[in-house]
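# Structural characterization, general
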Amino acid sequence: MNDQYPFSTLPVWQHTLAGPLSFEGVGLHLGVPARLSLSGTAANTGLVFRRTDVQDKNPLITLYPGAVCQTRRGTSIGNVDGVTIATAEHLLAALYACGVDNACIDLHGPEIPAMDGSALDFARSIVRVGVQQQSSPRRFMEIIEPVEVLDDAKSVRLEPFGGLQIEARINYPKTLIGDQMYQIEVNPKGFMREIASARTFVLAQEISALREADLALGGSLDNCIVVDGMTLQNKTELRFKDEFVRHKILDILGDLALAGAPILGRFISDCAGHALNNALLQAMARDRKKWRWTELV
Ligand SMILES: [Zn+2]
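Going along each chain's sequence as written, the residues are numbered from 1 onward. Whole-chain, interface and lining totals are the exception, using all residues; otherwise, since this is a predicted model, local features are given only for residues with pLDDT of at least 70 and side-chain atom pairs are given and counted only at 80 or more. Hydrogens and water are ignored here; the side-chain numbers use all heavy atoms of the structure.

The next subject is the overall build of the protein chain. Within the protein chain, the secondary structure is distributed over six helices and 20 strands. With C-alpha atoms as the basis for the radius of gyration, the globule rule is written as 2.2 Å multiplied by the number of residues raised to the power 0.38. In terms of overall size, the protein chain behaves like a compact globule, its C-alpha atoms giving a radius of gyration of 18 Å where 297 residues would be expected to give roughly 19 Å. Across its three principal axes, the protein chain shows a C-alpha extent of roughly 50 × 45 × 40 Å. Relative accessible area decides the class of each residue, using a 1.4 Å probe on protein chains only: under 20% of the type maximum gives buried, over 50% gives exposed, and in between gives partly exposed. Looking at the 297 residues of the protein chain, the share that counts as buried comes to 57%. Put simply, 76% of the contacts in the protein chain that link residues at least 6 apart link residues at least 24 apart. Total accessible area on the protein chain stands at roughly 12,800 Å², and carbon and sulfur atoms take up 49% of it. Helical segments are the DSSP runs of H or I of at least four residues, strand segments are the runs of E of at least two, and each set is numbered from the N terminus. Contacts are assigned to residue pairs that have any heavy atoms within 4.5 Å of one another. Exposure was quantified through the Shrake-Rupley algorithm and a 1.4 Å probe, taking into account, for residues, occlusion by the shown protein chains and nothing else.

This is the structure we're talking about:
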């Protein structure tokens, strides 16, 4: 256990969980109950998912950009045997931003529990159990030349920066959301305070099409903000006036965890989503001139 945790700087040594954690609940999209257990593991093993309810196929899923198998309203990951885990991004954001490099993540079920639609329960539990510093330095993917992916008016970009900074903009005209922009330099303490509790959201008019596509089946006012024009359907208040763009940053952090190593750079998202986030990681993986391995100790 480290007394200064959660750190207000970017961790430079690898860390794992100092104790076990467990969660249960239904997933946001599939609506199926699942049990999630996390435990600490050795340095240099990364975040390894295991589907404990899968017997006849390889149940292990490791993180790399190609592990992303679906990006419609969430990020699903999988392995070559077709074993998948849906909506991994909020848990991944909590682990990534809290500096947990190495952990075993056992899931009994097909989708990570939605909890309250944010990463708050995951992040609070990580802070409560604490992290254990390991004897290996973190190996960062340091961006040395800008990488950018565009899709019509949407774009994502990574550029050199001496830490991890995320800037996001979203624009939902004629709704309560409107045009929002937020920027943060990521460290465990700042993530806990500014990002972890920001909940996922949906526009009321999108819900029936999502359900027809077998999405949002576990969604409710308890795990999602529902925006109906200029009003909220939820009885509770927003947690931040700009909760929506803060959630966008939460999603970006979860998607960046799929790089498989911590990134040193500045990430800028203009109205983009999970698909473009992953396309940027794939572009980076293809072009080794854009980044190099770096240790900061
Ligand atoms: Zn999300």
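Buriedness for pockets is judged along seven lines, at least five of which must meet protein on both sides within 12 Å for an open set on the 1 Å grid over protein atoms alone, while cavities are sets there where a 1.4 Å probe fits but cannot get out, and lining residues have an atom within 4 Å of a point. Grid points are joined across faces, edges and corners, and a volume is the space filled by probe spheres set on the points. Of the voids in this model, the largest pocket is the one considered here, and its volume is about 800 Å³. Along its surface, the largest pocket is lined by 37 residues, and Arg73, Tyr172, Phe201, Lys248 and His274 are the ones closest to its centre. Among the secondary structure elements, those contributing two or more residues to the lining of the largest pocket are α1 (89-97), β14 (164-172), β16 (201-203), α4 (207-212), α5 (243-256) and α6 (274-286). Lys, Arg, Asp and Glu make up the charged group, whereas Ala, Val, Leu, Ile, Met, Phe, Trp, Tyr, Cys and Pro make up the nonpolar group; the residues left over, Gly among them, are polar. Within the lining of the largest pocket, the residues separate by chemical class into 16 nonpolar, twelve polar and nine charged. In this entry, domain limits derive from an automatic or database-based domain assignment. Shared between two domains, the lining of the largest pocket holds at least three residues of each, these being domain 1 (13-137) and domain 2 (140-294). In this structure, the second largest pocket spans a volume of roughly 410 Å³. Sorting the residues of the lining of the second largest pocket by element identifies β4 (47-51) and α1 as the ones contributing at least two each. Across the lining of the second largest pocket, the residue classes break down as ten nonpolar, seven polar and three charged. Formed jointly, the lining of the second largest pocket draws a minimum of three residues from each of two domains, domain 1 (13-137) and domain 2 (140-294).

Take the coordination of the zinc ion next. For the zinc ion, the full set of protein donor atoms is His90 (NE2), His247 (NE2), Asp251 (OD) and Asp251 (OD), at a range of 2.0 to 2.8 Å. Judged by relative accessible area, His90 falls into the buried class, the value being 8%. With water excluded from the atoms, a metal site may look incomplete; its donors are any N, O or S atoms within 2.8 Å, or within 3.2 Å for Na, K and Ca.

Let us look at empty space enclosed by the protein. A full pass over the atoms with the stated rule returns two cavities of 30 Å³ or more. The computed volume of the largest cavity comes to approximately 80 Å³. Leu10, Tyr96, Arg138, Leu164 and Val186 are, among the 13 residues lining the largest cavity, the residues nearest its centre. Tallied by class, residues from the lining of the largest cavity come to ten nonpolar, two polar and one charged. Lining the lining of the largest cavity are residues from two domains, each supplying at least three of them: domain 1 (13-137) and domain 2 (140-294). Here the second largest cavity defines a volume of roughly 30 Å³. Contributing to the lining of the second largest cavity are Thr87, His90, Ile112, Pro113, Ala114 and Phe122. Looking at the lining of the second largest cavity, its residues break down into four nonpolar, two polar and no charged.

Geometric values such as these leave the question of function open.
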